[in-house]
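Working through the structure, step by step
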Amino acid sequence: QVQLVESGGGSVQIGQSLRLSCAASGTFYNSFCMGWFRQAPGKEREGVATIDKDGSTNYADSVKGRFTISKDNTKNTLYLQMNNLKPEDTAMYYCAAAEALLCPPLAFDYVMDYWGKGTLVTISS
């Protein structure tokens, strides 16, 4: 069993930055696909970014150039650096992992095998 625990969420002003972390434990392997997903009130869950075994990344168009997904294999930790935050970034952010060497398209969130409980990010002025 894999456990994922997110941290780093909070309330920040428009244009500020925030870094989310996801600590993986249990039967987790660095070969897993990992990603960040988010869900805002009244909206469906959407993929934010994924990173696979070889470091290949994929980003939602809405966050390209502002967000960076990365991982530290020595610490079994996934990160999401979020810069120039906008009101539309307000959402519950979830860390997820899939037992796959390659990540699926962002829209295929149902393919992910493990999920964290989420961390709330609120953008205010």
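Structure: see above.
Residues numbered from 1 in each chain as written. Predicted model: local features only at pLDDT ≥ 70, side-chain atom pairs only at ≥ 80, totals over all residues. Heavy atoms only, no water.

So, on to the side chain of Arg66. Take Arg66: it is sitting in the loop between β6 (57-59) and β7 (67-72). There is a polar contact of 3.0 Å between the side chain of Arg66 and the backbone oxygen of Asn84. Residues within four places of Arg66 in sequence aside, it is in contact with Gln81, Met82, Asn83, Asn84, Leu85, Lys86 and Asp89. (Helix = DSSP H or I, 4+ residues; strand = E, 2+ residues; numbered from the N terminus. Polar contact = N/O pair within 3.5 Å; in protein donor to acceptor, adjacent residues only side chain to side chain. Contact = heavy atoms within 4.5 Å.)

This next bit is on the pattern of salt bridges. Per the counting criterion, the structure on display carries five salt bridges. The partner of Arg38 in a salt bridge is Asp89, and the shortest N-O contact between them spans 2.9 Å. In this pair, Arg38 is assigned in strand β4 (residues 33-39) and Asp89 in the loop between β8 (77-82) and β9 (91-98), connecting sequence segments 51 residues apart. In this structure Asp89 comes out as buried when scored by relative accessible area, which is 0%. In this structure, Arg66 and Asp89 form a salt bridge, with 2.7 Å as the shortest nitrogen-oxygen distance. Of this pair, Arg66 sits in the loop between β6 and β7 while Asp89 is found in the loop between β8 and β9, placing the two residues 23 residues apart along the sequence. Each member of the pair, Arg66 as well as Asp89, carries the same accessibility label: buried. Each of the salt bridges in this network shares a partner with another, and the network as a whole consists of Arg38, Glu46, Arg66 and Asp89. (Salt bridge = Lys/Arg side-chain N within 4 Å of Asp/Glu carboxyl O. Buried < 20%, exposed > 50% of the residue type's maximum accessible area, 1.4 Å probe, protein only.)

Turning to the sheet that holds β8, a few remarks are in order. Judged by pairing direction, the sheet is antiparallel, and its four strands sit side by side in the order β1-β3-β8-β7 without closing on themselves. Strands at the two margins of the open sheet, each flanked by one partner only, are β1 (2-7) and β7. Neighbour-to-neighbour, the strand axes of the sheet open up by a mean angle of 15°, direction not taken into account. (Pairing = 2+ DSSP bridges. Axes fitted to C-alpha atoms, helices over the stretch in contact; angles between N-to-C directions.)

Another point: the nonpolar core. If you look at soluble globular proteins, the nonpolar side chains tend to sit buried side by side. Core analysis: the biggest nonpolar cluster contains 32 residues, and Leu4, Met34, Trp36, Leu80, Met82 and Tyr93 have the highest contact counts within it. Mapped by element, the contributors of at least two residues to this core are β1, β3 (18-26), β4, β5 (46-51), β7, β8, β9 and β11 (119-124). When neighbours within four sequence positions are excluded, Leu80 is seen to be in contact with Leu18, Arg19, Leu20, Trp36, Val48, Phe67, Thr68, Ile69 and Tyr93. (Core = buried A, V, L, I, M, F, W, Y, C linked by side-chain atoms within 4.5 Å.)

Moving on, we get to the pairing of β8. Of all six residues in β8, five are buried; the element is thus mostly enclosed. Bridge count for β3 against β8 is six bridges, and the pairing is antiparallel. By the bridge assignment for β8, Leu18 is matched with Met82. By the bridge criterion, six bridges tie β7 to β8 in an arrangement that is antiparallel. In the strand pairing of β8, Lys71 is matched with Leu78. If you look at the hairpin formed by β7 and β8, you'll find four residues sitting between the two strands, and Asn76 has a positive phi there, around 50°.

In this fold, Tyr93 is placed in strand β9. Through-space distance from the C-alpha of Tyr93 to that of Gln39 is 6.7 Å; in sequence the pair is 54 residues apart. Setting aside residues up to four positions removed in sequence, Tyr93 forms contacts with Glu6, Leu20, Trp36, Phe37, Arg38, Val48, Phe67, Leu80, Met82, Gly118, Thr119 and Val121. Among the polar contacts listed, one links the side chain of Tyr93 to the backbone oxygen of Asp89, at a separation of 2.6 Å.

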